[in-house]
Amino acid sequence: MAEQAWIVAAPGNEAPYLLEWVAHYRALGFAGVVLFTSGSEDGTDRMAARLAELGHVRHVPLDLKEGRDPLRYGLRDVLPVLSELGADWAMAVDVDEYLSIRTGGGDLESLLTEIGPADAISVCRKPFGSGWRRGLPEGSVREAYTLCADEDERGRMITRGIKTLFRPGKVNRLAPHRPYFDDGPGNVTWVDAGGQAMPSKFFEGQWAAHDGFSHRLARLHYYAVPSPEAFILRRGVPEKKNHRKALLDDWGKLDVNGAEDTAMEADIARAAPVLEALREDAALAELEQAGRARHEARMAELLQDGKIAELCAEMTNATRAETKKAERKERKKDTVRTAPRGGGGTYIPPPVRPVRFDVQAVAEGESRAVLHGGFHKTATTYIQKLLEDNEAWLGGQSVYVVPHQKLRKHVTFPSQLDAFRQLKIHRRTKFSEDELQGFSEAFFAEPLALRPKRMILSDENIPGLPGHCVTSGALYQYRKTFFQCFAKRIPLPVTDAFFAVRNYADFFASSYVEYLRAATATTSGKMITPEEMRRNVLATLPSWQAVFADFAAVFPEARIHVWRFEDFRDLRDEVLGLFCGDGVDVARLKDKKEAKTRETASRRAVEEMVLISELEGAGAMSERSKEVQDRFPLNDENGRFDPWSAAERAHLNRLYERDWEAIRNDPRLSVLEP
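Predicted model, so just to flag it, every value in this text is computed and none were measured. (Residues numbered from 1 in each chain as written. Predicted model: local features only at pLDDT ≥ 70, side-chain atom pairs only at ≥ 80, totals over all residues. Heavy atoms only, no water.)

## Some details on the packing of aromatic side chains
So, step 1. Summed over the entire model, instances satisfying the criterion amount to 32 aromatic pairs.
So, step 2. On the numbers, 6.2 Å between centres and 50° between planes, the contact of Phe 375 with Phe 548 is tilted. Placement of Phe 375 in the loop between β16 (368–372) and α12 (380–389) and of Phe 548 in helix α20 (residues 544–554) is noted, with a sequence separation of 173 residues between them. The same class applies to Phe 375 and to Phe 548, which are both buried.
So, step 3. A cation sits over an aromatic face here: Arg 173 above Tyr 180, 3.9 Å from the ring centre.
So, step 4. Taking NZ or CZ as reference, Arg 178 lies 4.1 Å from the ring centre of Tyr 180, over its face. (Phe/Tyr/Trp six-rings, centres within 6.5 Å; stacked < 30°, edge-to-face > 60°. Helix = DSSP H or I, 4+ residues; strand = E, 2+ residues; numbered from the N terminus. Buried < 20%, exposed > 50% of the residue type's maximum accessible area, 1.4 Å probe, protein only. Lys NZ or Arg CZ within 6 Å of the ring centre and 35° of its normal.)

This is the structure in structure tokens:
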């Protein structure tokens, strides 16, 4: 083949598998492999060094602290290495991923010929299950494991992950699943494994195969779960209950055995001479055998622990894909749903929570609602906790405090789904109007039956989420629709509403941290960077006045009380007095224990989380965010996260002071000041 292609990888402890994997790609027609290593326990790094001496590998040792990902850090510096090697093509994969080419002679040249002129070719992973094997696999991985996901399976995110063969000269940086290009769709030809153009949205950061993705010419076989023991060695022994659950969840997603694929037979035969030649090298053969022996010994050691042995047995017996799929379908038919999260099943309103304290009742029809709309990062959590800690005493004063987490679960979240439906924004969880109303009616049954004089509703998510601010640069992009949908669910007149505003620079910086923290393991797509948020805010120029105008339009009868977050310490008792109403001595409210405040993330932690999201995706960032924040706590060394220049901060502060003056002069608002 006239053009040279190189594989890029960063193996950890992969000694039993490395030679077969290298032989596979050499036999496919790749010129070699760039291996980044950062030490290993089983000799993988020494195997890489020996393979480099034999000319199969460019070995790049990395000096990284424990816990750092060699591939992520290697990809930062791999482009100069590829340039030095004269690579026309490159592809970053893991040592458990084998490219299967389905055209021509089944080699790389056949794929490139069939695809034609292109700058990048994405291939979708196909996970292969354990086949209920135990221990270290004997012989060829590709031969031993043939049970896998269905060819067109899309129900799991793991079956939609892509890896990308690309021309390095077109790329400015790399992530594990795909490159980022210097140019856009008009100047870069990026196709799927069927030769179809990738949608333009992928240039912004997508890494999961779209609905029309073609596997016609190639697939990436993914052997992540050779056995429970091997998986635990790769992942690490679970130390805590939640770690064990996460391991079982991931195993269940990966151990799919519902179909069979023997397409690797031709690849095994083609790679056999290459693998035999590698094993004829005495040093490599000795290292491979020593690595196998270490893995076998470590597995035997693991199984001496009764809890690990029980876990492995559970993993073997609990994940037969066809059985689980049938069970899930059967359960879904008869599911009784009593909470807003989770789709499917029949909705049954949750039971009314038993009364846990006495509430002084008022006459029928005299109850009123008081609404605390947040906003985020304005001492809302402190107010909520203080009121909830004193709910029994306040009940005796005819003030019923609705627990904010329960309010969010049963009322705010369903209201948001209603809002997204009206905005025509797709959400996986959907409910009918009758169900949505059923949630709120069931939830409010108790406070209505108790007939308090005041019912306090507090939730900072009522106007929206931090992500809405970060991605749009506006203060709660969908706020009016959110207000309207929440208002529909409140069964009492709202007489008073409370809000604290905060200077724009600090509000958006804190919102960005919350936006990062809100990512979950299932979050996909491109996360907004601090630079993008900064541009959004400066282009939009946010306005607290506009937020209050929208709220007043939805709640025209409510008195709107506003204060500055920066003044809250001096206004605490006055604010609480207005919350609780006349006749309540707020000096008797007790802080039962010091509230645990969650510090904002440090500048260094934010930088690290953003980098992980860009290189590995939002899901990976979510899984590692706590570890990153613990490693880089807020202190002088790691700095406070502040995306603004001095001039931008001064500009936003001037805007805030101007807007506060306008708020003070707005007759619709009751302003609280020291």
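## A few points about the pattern of salt bridges
So, step 1. Taken as a whole, this structure holds 53 salt bridges when the rule is applied.
So, step 2. The shortest N-O distance in the salt bridge between Arg 292 and Glu 296 comes to 3.7 Å. In this pair, Arg 292 and Glu 296 both sit in helix α9 (residues 282–303), four residues apart, roughly one turn of the helix.
So, step 3. In this structure Glu 296 comes out as partly exposed when scored by relative accessible area, which is 39%.
So, step 4. Taken together, the salt bridges that share partners define one network made up of Arg 102, Lys 126, Glu 151, Arg 219 and Asp 261. (Salt bridge = Lys/Arg side-chain N within 4 Å of Asp/Glu carboxyl O.)

## Side note on the state of the cysteines
So, step 1. Counted by the stated rule, this structure contains zero disulfides.
So, step 2. Left unpaired, Cys 124 is separated from the closest cysteine sulfur, that of Cys 148, by 12 Å.
So, step 3. Summary of cysteine pairing: Cys 485 is not part of a disulfide, and the nearest cysteine sulfur, belonging to Cys 469, is at 17 Å.
So, step 4. Its relative accessible area of 1% is what places Cys 485 among the buried residues. (Disulfide = S-S within 2.5 Å.)

## Structural notes on helix α23 (residues 618–631)
In an α-helix, one turn spans 3.6 residues, which is why side chains three or four residues apart end up on the same side.
So, step 1. Look at α23: 19 Å from first C-alpha to last across 14 residues, which is about the 20 Å you get at 1.5 Å a residue.
So, step 2. Its axis deflected by about 50° at Arg 624, α23 carries its strongest bend there.
So, step 3. Listing the buried residues of α23 in full gives Ala 618, Gly 619, Ala 620, Met 621, Ser 622, Arg 624, Ser 625, Val 628 and Gln 629.
So, step 4. Where α23 is buried, its residues touch α3 (70–85), α18 (504–517) and α22 (603–616). (Expected span 1.5 Å × (residues − 1). Bend = angle between axes of the 7 residues up to and from the residue. Contact = heavy atoms within 4.5 Å.)

## Re unusual backbone geometry
So, step 1. Following Gly 374, the chain continues to Phe 375 via a peptide bond in cis, the omega torsion being 15°.
So, step 2. In this structure, Lys 424 takes a positive phi of about 60° despite not being glycine.
So, step 3. Mapped onto the elements, Lys 424 comes out in the loop between α14 (404–422) and α15 (433–450).
So, step 4. One non-glycine residue, Leu 541, lies in positive phi territory at about 55°.
So, step 5. For Leu 541, the position within the fold is in the loop between α19 (530–540) and α20.

## Some details on the nonpolar core
So, step 1. By size, the foremost hydrophobic cluster in this structure holds 84 residues, and its most contacted members are Trp 21, Tyr 25, Phe 30, Val 34, Leu 82 and Leu 99.
So, step 2. Ranked by residue count, the leading element in this core is helix α1 (residues 15–28), at nine residues.
So, step 3. Once you skip the residues sitting within four places of it in the chain, Tyr 25 turns out to touch Ile 7, Phe 30, Val 93, Glu 97, Tyr 98, Leu 99 and Leu 220.
So, step 4. The next biggest cluster of nonpolar side chains, apart from the first, holds 70 residues, and it includes Phe 548, Met 609, Val 610 and Ile 612. (Core = buried A, V, L, I, M, F, W, Y, C linked by side-chain atoms within 4.5 Å.)

## Points about the sheet that holds strand β19 (residues 494–501)
So, step 1. Spatial strand order, β17-β18-β16-β19-β20-β21: six strands in an open sheet with parallel pairing. Edge positions in the sheet fall to β17 (399–401) and β21 (669–672), since each has one partner strand and no second. Strand after strand, the sheet turns through a mean of 20° between neighbouring axes, direction not considered.
So, step 2. Taken together, the six bridges between β19 and strand β20 (residues 559–564) define a ladder with parallel strand orientation. Bridge assignment links Ala 500 to a residue of β20, and that residue is Trp 563.
So, step 3. Contacting β16, β19, β20 and β21, α20 runs over the sheet at an angle of about 165° to β19. (Pairing = 2+ DSSP bridges. Axes fitted to C-alpha atoms, helices over the stretch in contact; angles between N-to-C directions.)

## Observations concerning the environment of Arg 564
So, step 1. Relative to the helices and strands, Arg 564 resides in strand β20.
So, step 2. Placed 109 residues apart in sequence, Arg 564 and Glu 673 show a C-alpha to C-alpha distance of 7.7 Å.
So, step 3. The residues touching Arg 564, leaving out its near neighbours within four places in the chain, are Val 501, Tyr 656, Glu 657 and Trp 660.

## A short note on the pairing of β16
So, step 1. Counting buried residues along β16, four of its five residues qualify, which places the element largely inside the surrounding structure.
So, step 2. In terms of strand pairing, β16 meets β19 through four bridges, oriented parallel. Bridge pairing in β19 places Val 370 opposite Asp 496.

## As for the confidence of the model for the protein chain
So, step 1. In the predicted model, the protein chain carries a mean pLDDT of 88, and the fraction of residues at 70 or more is 91%.
So, step 2. The model gives residues 329–349 a pLDDT under 50, and that stretch makes 37 contacts with residues more than four places away or in other chains. (pLDDT = per-residue confidence, 0-100.)

## Here we look at the pairing of strand β9 (residues 171–174)
So, step 1. Sheet analysis places β9 next to strand β10 (residues 179–181), joined by three bridges and oriented antiparallel. If you follow Val 171 over to β10, its bridge partner there is Phe 181.
So, step 2. Counting the residues between successive antiparallel strands, the hairpin from β9 to β10 contains four residues.

## Focus on the side chain of Ser 130
So, step 1. On the secondary structure map, Ser 130 appears in the loop between β6 (120–127) and α5 (141–144).
So, step 2. By relative accessible area, Ser 130 is classed as buried at 1%.
So, step 3. Contacts of Ser 130, omitting those with residues within four sequence positions, involve Tyr 145, Val 225, Pro 226, Ser 227, Trp 251, Asp 255 and Asn 257.

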